[in-house]
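Observations on the three-dimensional arrangement
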Amino acid sequence: MLLKYETLESHLNQELASLYILTGDEQLLLLESADMIRQAARRQNVGEREVMTVERGFKWGQLHAANNAMSLFGDRKLIELRIPGGKPGKEGSQALQEYVAAPHTDNITLITLPRLDMATRKSAWVTALQKNGIYIEIPTIDISRLGNWIMARLKKQHQSASRECIEFLTERVEGNLLAAHQEIMKLGLLYPEGELDFEQVRQSVLNVARYDIFKLNEAMLSGNRSRFIRMMEGLKGEGEPLPLILWTFTEEIRTLLKCKIALENGQSFSGIAKTLRLWGPRERLIQTAANRLDKTDIRAALQQTAQIDRIIKGLRSASWMDDAWDALTQLGLSLAHP
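Residues numbered from 1 in each chain as written. Predicted model: local features only at pLDDT ≥ 70, side-chain atom pairs only at ≥ 80, totals over all residues. Heavy atoms only, no water.

A short note on the overall build of the protein chain
In terms of helices and strands, the protein chain carries 17 helices and seven strands. Put simply, the protein chain has 338 residues, and 46% of those count as buried. If you take every contact in the protein chain between residues at least 6 apart in sequence, the share linking residues at least 24 apart comes to 75%. Accessible surface, the protein chain: about 18100 Å² in total, of which carbon and sulfur atoms supply 50%. Looking at the protein chain, you have 43 positive and 42 negative side-chain charges, and the mean spots of the two groups are 6 Å apart. (Helix = DSSP H or I, 4+ residues; strand = E, 2+ residues; numbered from the N terminus. Buried < 20%, exposed > 50% of the residue type's maximum accessible area, 1.4 Å probe, protein only. Contact = heavy atoms within 4.5 Å. Areas by Shrake-Rupley, 256 points an atom, 1.4 Å probe, with all protein chains shown as cover. Lys, Arg positive; Asp, Glu negative; His and termini not counted. Charge placed at Lys NZ, Arg CZ, Asp CG, Glu CD.)

Have a look at this one:
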């Protein structure tokens, strides 16, 4: 059965199932969720723990053997299976389906997976996991959710902060949830319970943001110019490769142009999204940007990517631009205008 991440703690206080599946890319939340399950298992006198990682050469028979073998001390056992690639293969798919169909009632099994793509979520082995165990999708804490997440974490340690403080924190820890957690814990150690003032937060918090190249498109398409500039400066400081950033821009601009042309030809956006394989937040961002931008501007931006490519390769002077970083920033801002 599917269980919301937010309800895991209350669920474990009431019962302990024989099979749990955690899937997601937020490592901090994955670790915390797995720890909650381990603690619940210890409360139920599950005394032994066996960990297996699916990697090259992994023998799926080990999983069945671990499940059927008696604990050294005759206790119940926690079996952890980690599948970091998210793809168990044909043999693994069959083994997992057989495993969850006949669980060992004395053991607890915890399976951890990265965030799965749409096709994988519809596969037979994932369906079997969802049917026979407690399946929890760990949410991604993106920029739109980070502020509320920080406030909730502060509340747990009996602290609070103004919206100004939360926004300041959000800017400093964006894209690095583990660092956000560490900074919040540090505030709990440095200051007493109650409301934090801005100066306390400013003095405590380091600039630990880790910007994702692929989130640049999100800032650009949403028209959030200040966030876009902040992310570009962060990526430049981290030494991210220019060709990769240019490639992400170019691919998104091509998609945007295809969408704009199709809309002008009378096609419905739902049909366009299906053709261009757009879904989730990206689908909404492309639609908003296509409605906001003129086709001429999008074409000009695509032509500019070719010029920037020549600048990066040293085949053309940056002329009025200082360097390729400035050229990329100007390109993004041209599409991020209101």
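Structure's up, so let's keep going.
Section: helix H15 (residues 280-292)
The terminal C-alpha atoms of H15, which comprises 13 residues, lie 19 Å apart, in line with the 18 Å expected from a rise of 1.5 Å per residue. Among the residues making up H15, those that are buried are Leu 285, Ile 286, Ala 289 and Ala 290. All buried residues of H15 project into a common sector of 125° when viewed along the axis, lining one side. H15 presents Arg 284 and Asn 291 as exposed residues on the side facing more than 90 degrees away from its buried surface. (Expected span 1.5 Å × (residues − 1). Arc of directions from axis to C-beta.)

Observations regarding the packing of helix H7 (residues 143-156) against helix H8 (residues 163-173)
Running from N to C, H7 and H8 point in directions that differ by 115°, and their axes come no closer than 9 Å. Here the hand of the crossing between H7 and H8 comes out right-handed. Every residue of H8 that contacts H7 at Ile 143, Leu 146, Gly 147, Asn 148, Ile 150, Met 151 and Leu 154 is listed here: Arg 163, Ile 166, Leu 169, Thr 170 and Val 173. Across the contact of H7 with H8, the residue classes tally to eight nonpolar, three polar and one charged. (Axes fitted to C-alpha atoms, helices over the stretch in contact; angles between N-to-C directions. Left-handed = near helix turned anticlockwise from the far one by under 90°. Nonpolar A, V, L, I, M, F, W, Y, C, P; charged D, E, K, R; others polar.)

A few points about the nonpolar core
Grouped together as the largest cluster of nonpolar side chains are 41 residues, with contacts concentrated most on Tyr 20, Leu 22, Ile 136, Trp 149, Ile 150 and Leu 154. Element by element, the count of residues in this core is highest for helix H2 (residues 27-43), at seven residues. Excluding anything up to four places from it in sequence, Trp 149 contacts Leu 28, Leu 29, Ile 141, Leu 177, Ala 180, His 181 and Ile 184. In this structure, Met 232, Leu 242, Ala 289 and Leu 293 belong to the second largest nonpolar core, which totals 39 residues. (Core = buried A, V, L, I, M, F, W, Y, C linked by side-chain atoms within 4.5 Å.)

Section: the packing of helix H12 (residues 225-238) against helix H17 (residues 324-335)
Packed helices, taken two at a time, are described by the angle between their axes plus the distance between the axes. Two elements in contact, H12 and H17, have axes separated by 10 Å at closest approach and are oriented at 160°. Classified by the angle their axes make, H12 and H17 are roughly antiparallel. The hand of the H12/H17 crossing is right-handed. Residues Arg 225, Phe 228, Ile 229, Met 232, Leu 235 and Lys 236 of H12 form the contact with H17, whose own contacting residues are Trp 325, Leu 328, Thr 329, Gly 332 and Leu 333. Looking at the contact of H12 with H17 residue by residue, the class counts come to seven nonpolar, two polar and two charged. (Parallel < 35°, antiparallel > 145°, perpendicular 65-115°, else oblique.)

A closer look at the sheet that holds strand E2 (residues 46-53)
Taken together, five strands build an open sheet; the order of strands is E2-E3-E4-E1-E5 and the sheet is parallel. In this open sheet, the two edge strands, each paired with only one partner strand, are E2 and strand E5 (134-137). On average, each strand axis in the sheet is tilted by 15° relative to the strand beside it, whichever way the strands run. Here strand E3 (residues 76-82) runs beside strand E4 (residues 108-113); their pairing, made up of five bridges, is parallel. Bridging from a neighbouring strand, Glu 80 pairs with Leu 110 of E4. Against the sheet, H2 makes contact with strand E1 (19-23), E2, E3 and E4, and its axis sits at roughly 165° relative to E1, the strand it touches most. (Pairing = 2+ DSSP bridges.)

With respect to H12
Note: α-helices contain 3.6 residues per turn, so residues at a spacing of three or four share the same orientation. Between the first and last C-alpha of H12 there are 20 Å, a value that for 14 residues agrees with the 20 Å anticipated at 1.5 Å per step. Of the residues making up H12, those classed as buried are Arg 227, Phe 228, Met 231, Met 232, Gly 234 and Leu 235. Buried residues of H12 fall within an arc of 165° about the axis and therefore sit on the same side. Exposed positions of H12 whose direction lies more than 90 degrees from the buried face are Glu 233 and Gly 237. The inward-facing, buried residues of H12 contact H7, helix H11 (216-222), helix H13 (242-264) and H17. Following H12 by one or two positions, Gly 239 has its phi on the positive side, about 75°.

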